Amino acid sequence: MKQYINELQPGVKVNSVFALAKKQLIPFRDPSKGKFLSLVIADKTGQIEAKLWDGAEEIAAGLAEEDLIQVEGAVSEYRGSNQITIEKVSPAAAGKWQPEDFLPAGKDKQLLLDELRQLVASLNNEHLKTLLANWFSDKDFLQQYLTCPAAKKVHHACIGGLAEHSLEVCSYAVQVAKNYSKINRDVVLVGALLHDIGKIMEYRYQTSIAVTDSGKLFGHPVLGWDMIAERIGMQPDFPAPLADHLKHIILTHHGQLEWGAPVLPQTPEAMTVFYCDLLSGRIRQVFDIIQQDEDDELWTRYDRLISRAIYRGYKED
Ligand SMILES: [Fe+2]
Ligand SMILES: [Fe+2]
């Protein structure tokens, strides 16, 4: 029977199948001891680190990232996180498992599709409407948009995460546009909907979520910029300033040079997409931290990525 990662507590014995998300051989501090094996293993409920201390090099050669593996060992706590000390690990018997056992599922696809269609229908600008209508009528592309995760683990790291996150950014952006009549609602909306489109090229997601070679080489803002430039190129009458504005939004949505934006957002619409993207990612991250940490303590564990623990004492029902 499958054991799920969110059920693994310190002291629990593990003997189950997981997806191998990451494999690394790391030298011991004392080099005469050789190397140990550090794995990140995953299923639909999350990820956990697993370490093999003995005979690591030989065993590592038989394991491939994104394959399914059978892991035997025990769970312990290390620096505030659970990890597995492996006793035995080997490739798992094929054919017995479904991808749904290993990748978490997000919102229902039909709900995402309905929301997407409503947004496209609400556009007034004919060029933008045609761009989206043509692009989303490509069945393979639509399927990828509705299936791709938004991240490896930080936020919306689930099947459908890209669409769920993008639609969330749209809903925030529409609110901003309501408050500022000078913001171009259609541009901000299409920018929000497409800001992370490069993630379709950035991630592979069969048994675990992994970054592709293009993802590593270029990153999704540049990949997205390229995809949009290509699509716009198919509409010869698409106005050049509108094309540049959209490309600027995609390229700058990480907002700061140190967060991966090649240049800073320099229009109200680009700044709106940046802040709404940050808001969607951060709020989801906080709820993920609260949820992962199942005990009923007033404070969650300290989270390194957001440099804080979250207080959950304010429950005013
Ligand atoms: Fe992004
Ligand atoms: Fe995003």
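Remember, predicted model here, so these are calculated numbers, not experimental data. Numbers given to residues run from 1 along each chain, matching the order in which its sequence is written. Whichever chain is written first is A, and whichever ligand is written first is 1; the rest continue in order. Local features in a predicted model are, by the rule used here, given only for residues with pLDDT of at least 70; side-chain atom pairs are given and counted only at 80 or more, and totals for whole chains, interfaces and linings are based on all residues. Note: side-chain values were computed over all heavy atoms of the structure, leaving out hydrogens and water.

S.K.: Account for the packing of helix α9 (residues 220–233) against helix α10 (residues 240–252), naming residues and giving values.
M.R.: As a packed pair, α9 and α10 sit with axes 8 Å apart at the nearest point and diverge in direction by 160 degrees. Considered as vectors, α9 and α10 are oriented roughly antiparallel to each other. Handedness of the α9/α10 crossing: right-handed. For the pair α9 and α10, the contacting residues are Pro221, Val222, Gly224, Trp225, Ile228, Ala229 and Ile232 in the first and Ala243, Leu246, Lys247, Ile250 and Leu251 in the second. For the contact of α9 with α10, a count of residues per class yields 10 nonpolar, one polar and one charged. Every angle, taken between N-to-C directions, lies between 0 and 180 degrees, and every axis is a line fitted to C-alpha atoms, over only the stretch in contact when it is a helix. Helix and strand labels come from DSSP, where a helix needs a run of H or I of at least four residues and a strand needs a run of E of at least two; each type is numbered from the N terminus. An angle counts as roughly parallel when it lies under 35 degrees, as roughly antiparallel when it exceeds 145, as roughly perpendicular when it falls between 65 and 115, and as oblique in every other case. The crossing is said to be left-handed when, going from far helix to near helix, the turn is anticlockwise and less than a right angle, and right-handed when the turn is clockwise. Contact between two residues is taken to exist if any of their heavy atoms lie within 4.5 Å; hydrogens are not considered. When residue character is reported, Ala, Val, Leu, Ile, Met, Phe, Trp, Tyr, Cys and Pro are called nonpolar, Asp, Glu, Lys and Arg charged, and the others, Gly included, polar.

S.K.: Help me get a handle on the coordination of the iron ion (ligand 1), residues and values and all.
M.R.: Any N, O or S atom lying within 2.8 Å of the metal counts as a donor, with the limit raised to 3.2 Å for Na, K and Ca; because water is left out of the atom set, some sites can appear incomplete. The coordination sphere of the iron ion (ligand 1), as far as protein atoms go, consists of Asp196 (OD), His220 (NE2), His253 (NE2) and His254 (NE2), spread over 2.1 to 2.5 Å. The sequence motif formed by the donor residues of the iron ion (ligand 1) is D-x23-H-x32-H-H. Here the iron ion (ligand 2) and the iron ion (ligand 1) are spaced 3.8 Å from one another, each receiving a donor from Asp196. One end of the pair, His220, is in helix α9; the other, His254, is in the loop between α10 and α11 (268–292), with 34 residues separating them in the sequence. With a relative accessible area of 6%, His220 lands in the buried category. When a residue's accessible area, from a 1.4 Å probe over protein chains only, is under 20% of the maximum for its type it is buried; when over 50% it is exposed; and in between it is partly exposed. Of the residues examined, His254 reaches a relative accessible area of 21% and is grouped as partly exposed.

S.K.: Break down a nonpolar patch on the surface for me, with residues and values.
M.R.: Without a salt bridge and with relative accessible area above 30%, a residue can belong to a patch; like charges are then joined within 9 Å and nonpolar side chains (Val, Leu, Ile, Met, Phe, Trp, Tyr) within 5 Å. Every accessible area reported is derived by Shrake-Rupley at a probe size of 1.4 Å, with residue values counting cover from the shown protein chains alone. Note on definitions: salt bridges are taken to be side-chain nitrogens of Lys or Arg within 4 Å of carboxyl oxygens of Asp or Glu. Judged by side-chain polarity, Leu298, Trp299, Tyr311 and Tyr314 come together as a nonpolar surface patch covering roughly 500 Å² of accessible area. On the secondary structure map, Leu298 appears in the segment after α11. Relative accessible area serves as the criterion here: at 48%, Leu298 is assigned to the partly exposed category.

S.K.: Kindly report on the coordination of the iron ion (ligand 2), identifying the contributing residues and their values.
M.R.: Looking at the metal site, the iron ion (ligand 2) is ligated by His165 (NE2), His195 (NE2), Asp196 (OD) and Asp277 (OD), spaced 2.1 to 2.2 Å from it. In these descriptions, tetrahedral denotes four donors with every angle between 85 and 135 degrees, square planar four donors and octahedral six donors with opposite donors over 155 degrees apart and the rest between 65 and 115, and irregular any other case. Taken together, the four donor atoms surrounding the iron ion (ligand 2) define angles of 80 to 172 degrees at the centre, an arrangement classified as irregular. Between the donor residues of the iron ion (ligand 2), the gaps in sequence give the motif H-x29-H-D-x80-D.

S.K.: Describe in detail the sheet that holds strand β3 (residues 46–52), supporting the description with residues and values.
M.R.: Strand pairs in the sheet, formed through backbone hydrogen bonds, run parallel or antiparallel to each other. Strand order in the closed barrel formed by five strands is β1-β2-β3-β5-β4, and the pairing between neighbours is mixed. For this sheet, the mean angle separating the axes of adjacent strands, direction not counted, is 50 degrees. Relative to strand β5 (residues 81–91), strand β4 (residues 68–78) is paired through 10 bridges, and the arrangement is antiparallel. Residue pairing across strands places Val71 opposite Val89, the latter belonging to β5. When DSSP finds at least two bridges between two strands, those strands are taken to pair.

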